[in-house]
Amino acid sequence: SRGSTKTHIFLPHLVASMEQVEQTYIMVKPDGVQRGLVGEIISRFEKKGFKLTGLKLFQCPKDLAEEHYKDLTSRPFFPKLITYITSGPVVCMAWEGVGVVASARKLIGSTDPLQAEPGTIRGDLAVQTGRNVVHGSDSPENGKREIALWFKEGEVCHWTPALALWISE
Ligand code: ADP
């Protein structure tokens, strides 16, 4: 025997206080899927250090698209937006982390890709508002609402990444 050695016990679920942990709904829109940008877009959030908790390829029905974008119903581009979102499969994602909602919006960039900074997803990969390749929730409340809207119970997976302690202290 080598005698007693102090063992460090890590408690990954205590890494961040629960109030700081947010969920956001990220979606690769049909243009992103058609253009083969799914892996690239997932990578941006993975590399940043956020936790993927939900992922599926999905053909969005019209009523779901209308519900998702219900705040934009009165806008002139609404019919075009619904046609766009339902025009082919999308990739639905739930991501979790401290400050993930605002951070994901920064990673995504401005709604108009020509205004989006280089280094952002839209700034690097898109040119038009009507083909801006990705969606991200605009508030923690909408993050929860949209994840509940796009995922069935059991499709969101709660897990502890082995690297959690190397992402946040
Ligand atoms: P964001 O997606 O950046 O949160 P908004 O909530 O303002 O932006 O709009 C939702 C989506 O509606 C945009 O991402 C885009 O796909 C579409 N959209 C917004 N404005 C326009 C527009 N003027 N013309 C066409 N599509 C638009």
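Fair warning: this is a prediction, and the values are worked out from it, not measured in the lab.

**Some words on the nonpolar core**
Then step 1. Counting residues in each nonpolar core, the largest one holds 19 residues, and the members touching the most others are I26, I41, F45, M93, W95 and I121.
Then step 2. Every element with two or more residues in this core is listed here: β1 (21-28), α2 (38-48), β3 (90-98), α5 (100-108) and α6 (121-125).
Then step 3. If near-sequence neighbours (up to four positions away) are discounted, I121 is found in contact with I41, R44, F45, L107, I108, A126, V133 and V134.
Then step 4. In terms of nonpolar packing, the next biggest core, distinct from the first, is built from 17 residues, Y25, I85, V90 and F151 among them.

**Regarding the UniProt feature "domain: Nucleoside diphosphate kinase-like" (unreviewed entry) in the protein**
Then step 1. The UniProt feature table records "domain: Nucleoside diphosphate kinase-like" (unreviewed entry) at residues 21-158.
Then step 2. Secondary structure content for residues 21-158 is 41% helix and 20% strand, and the end C-alpha separation is 13 Å.

**Quick look at the side chain of N132**
Then step 1. Relative to the helices and strands, N132 is located in the loop between α6 and β4 (134-136).
Then step 2. Classification of N132 by relative accessible area gives buried; the value is 2%.
Then step 3. At 2.8 Å, the side chain of N132 forms a polar contact with the side chain of K29.
Then step 4. In terms of polar contacts, N132 uses its side chain to reach the backbone carbonyl oxygen of T111, at 3.1 Å.

**Observations concerning α2**
Then step 1. Those residues of α2 that sit buried are I41, I42, R44 and F45. Buried residues of α2 fall within an arc of 150° about the axis and therefore sit on the same side.
Then step 2. Backbone geometry just after α2 places G49 at a positive phi near 115°.

**Topic: the UniProt feature "active site" (unreviewed entry) in the protein**
Then step 1. Cross-referencing UniProt, the feature "active site" (unreviewed entry) maps to H135 in the present numbering.
Then step 2. Position of H135 relative to the elements: it lies in strand β4.
Then step 3. When its relative accessible area of 10% is taken as the criterion, H135 is described as buried.

**Thoughts on unusual backbone geometry**
Then step 1. If you check the backbone angles, V133 has positive phi at about 60° while not being a glycine.
Then step 2. The residue V133 is located in the loop between α6 and β4 in this model.
Then step 3. A relative accessible area of 0% places V133 in the buried class.

**Quick look at the site of the ligand**
Then step 1. The environment of the ligand is made up of K29, Y69, L72, F77, L81, Y84, R105, T111, R122, T129 and N132.
Then step 2. Interatomic distance of 3.0 Å between a side-chain N/O atom of R122 and an oxygen atom of the ligand.
Then step 3. In this structure, N132 approaches the ligand through a side-chain N or O atom, which is 2.9 Å from an oxygen atom.
Then step 4. Surface burial for the ligand is 74%, taken as the share of its 530 Å² of free accessible area covered by protein chains.
Then step 5. Within the shell around the ligand, the residues separate by chemical class into 5 nonpolar, 3 polar and 3 charged.

**Description of the sheet that holds strand β2 (residues 51-58)**
Then step 1. Taken in spatial order, the 4 strands line up as β2-β3-β1-β4 in an open sheet, and their pairing is antiparallel. Strands with a single pairing partner mark the edges of an open sheet, and in this sheet they are β2 and β4. Mean inter-strand twist for the sheet, computed between neighbouring axes without regard to direction, equals 15°.
Then step 2. In the packing of helix α7 (residues 140-150) onto the sheet, the strands contacted are β1, β2, β3 and β4, and the crossing angle to β1 comes to about 55°.

Scoring rules and cut-offs
- Residues numbered from 1 in each chain as written.
- Predicted model: local features only at pLDDT ≥ 70, side-chain atom pairs only at ≥ 80, totals over all residues.
- Heavy atoms only, no water.
- Core = buried A, V, L, I, M, F, W, Y, C linked by side-chain atoms within 4.5 Å.
- Buried < 20%, exposed > 50% of the residue type's maximum accessible area, 1.4 Å probe, protein only.
- Helix = DSSP H or I, 4+ residues; strand = E, 2+ residues; numbered from the N terminus.
- Contact = heavy atoms within 4.5 Å.
- UniProt positions renumbered as here; feature names shortened; annotations may be inferred.
- Polar contact = N/O pair within 3.5 Å; in protein donor to acceptor, adjacent residues only side chain to side chain.
- Arc of directions from axis to C-beta.
- Near = heavy atom within 4 Å.
- Areas by Shrake-Rupley, 256 points an atom, 1.4 Å probe, with all protein chains shown as cover.
- Nonpolar A, V, L, I, M, F, W, Y, C, P; charged D, E, K, R; others polar.
- Pairing = 2+ DSSP bridges.
- Axes fitted to C-alpha atoms, helices over the stretch in contact; angles between N-to-C directions.

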